[in-house]
Amino acid sequence: MKDNEAFEAVREIRVMMEKSSRFLSFSGTSATLIGAYALAGAFVGHSIISSVRYVPDVYSVPMWIGILPDIALVAAIVFVLSLSTILFFSFRKAKKMNYSFSSGPAYRTFLNFFLPLTVGGIFSVALLVAGNIGVIAPVMLLFYGLSLINASKYTYGSIFWLGCGELVLGLICAFFPGRGLLLWAMGFGILHIIYGIYFYFCVERHSGK
């Protein structure tokens, strides 16, 4: 009986420490949905690029100027859906677990995630303005991977490996710029779906969170 009480006391202390130091409202379902959004966006983007009758160079600036508004709209829709999904499932999970979504760990997690991501986004715009279209896909993957690794210190450690996967794909994409859309779909789409499934079955269901 005393052993059970001691075990429960240790578990409660561990939960309290996690609440005060880590953001634990991440959901595997949101990661899977984000991956699905990215794959759908990549498919639509590929359809838009393929609709151009004459494409002497897939990264030629004149061709991209014509389809840029459509590509930007697709990217914006994917981003808004992804961010909305993260917030919705995180709020719901935080309420279920009686966590404070506006806690210090949550602020630190989002700050460490969005700071590198914002810098990468601005850098991508600068590349677009300069006409360096072929470098944008690897830059997005690399900065996104760094964002995940940076935020993993304040949330689930397994996110670190998702970030490493994004970095690997980003480096591969840098050497094969003609496969940018494919590798972008693999990084933001397939990797997210794989990680979301892993997280749901191996972390959320296993821990009961």
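Just so we're clear, the structure is a prediction, and the values are computed from it rather than from any experiment.

### Here we look at the overall build of the chain
- Each helix and strand in the chain was counted, giving 7 helices and 0 strands.
- From first element to last, N terminus to C terminus, the chain shows the α and β order α-α-α-α-α-α-α.
- Buried positions account for 39% of the 209 residues belonging to the chain.
- When contacts within the chain are restricted to residue pairs at least 6 apart in sequence, long-range pairs at least 24 apart make up 75% of them.
- Surface summary for the chain: the accessible area is close to 12,100 Å², and the carbon and sulfur share equals 73%.

### Brief notes about the environment of Ser 158
- Here Ser 158 shows up in the loop between helix H5 (136-151) and helix H6 (159-175).
- Residues Ser 158 and Tyr 198, spaced 40 residues apart in sequence, show a C-alpha to C-alpha distance of 9.9 Å.
- Beyond its immediate chain neighbours, meaning those up to four positions away, Ser 158 contacts Tyr 195, Tyr 198 and Phe 199.
- A distance of 2.7 Å separates the side chain of Ser 158 from the side chain of Tyr 195, its partner in a polar contact.

### Comments concerning the side chain of Ser 27
- Following the sequence through the fold, Ser 27 ends up in the loop between helix H1 (2-21) and helix H2 (28-50).
- Take Ser 27: its relative accessible area is 5%, and that puts it in the buried class.
- In contact with Ser 27, other than residues within four places in its own chain, are Phe 89, Phe 199 and Glu 204.

### What to know about the confidence of the model for the chain
- Counting all residues, the mean pLDDT for the chain is 81, and 78% of those residues have values of 70 or more.
- Below pLDDT 50 for its whole length, residues 6-17 participates in 1 contact with residues either more than four positions away or in separate chains.

### Here's the deal with the nonpolar core
- Counting residues in hydrophobic clusters, the biggest one holds 22 residues, and the most contacted among them are Phe 26, Leu 141, Leu 148, Phe 188, Tyr 195 and Phe 199.
- Sorting the residues of this core by element identifies H2, H5, H6 and helix H7 (180-207) as the ones contributing at least two each.

### Some words on the packing of aromatic side chains
- Counted according to the given criterion, the structure contains 14 aromatic pairs.
- Centre to centre, the rings of Phe 110 and Phe 114 are 6.1 Å apart; their planes meet at 10 degrees, and the pair counts as stacked. Remark: Phe 114 and Phe 110 occur in helix H4 (residues 104-130); sequence separation between them is 4 residues, near one turn of the helix.
- You can call Phe 114 partly exposed: its relative accessible area is 25%.
- Each residue in the set Phe 110, Phe 113, Phe 114, Tyr 144, Trp 184 and Phe 188 is aromatic and connected to the rest through ring pairs, giving one cluster.

Rules of the game
Residues numbered from 1 in each chain as written. Predicted model: local features only at pLDDT ≥ 70, side-chain atom pairs only at ≥ 80, totals over all residues. Heavy atoms only, no water. Helix = DSSP H or I, 4+ residues; strand = E, 2+ residues; numbered from the N terminus. Buried < 20%, exposed > 50% of the residue type's maximum accessible area, 1.4 Å probe, protein only. Contact = heavy atoms within 4.5 Å. Areas by Shrake-Rupley, 256 points an atom, 1.4 Å probe, with all protein chains shown as cover. Polar contact = N/O pair within 3.5 Å; in protein donor to acceptor, adjacent residues only side chain to side chain. pLDDT = per-residue confidence, 0-100. Core = buried A, V, L, I, M, F, W, Y, C linked by side-chain atoms within 4.5 Å. Phe/Tyr/Trp six-rings, centres within 6.5 Å; stacked < 30°, edge-to-face > 60°.

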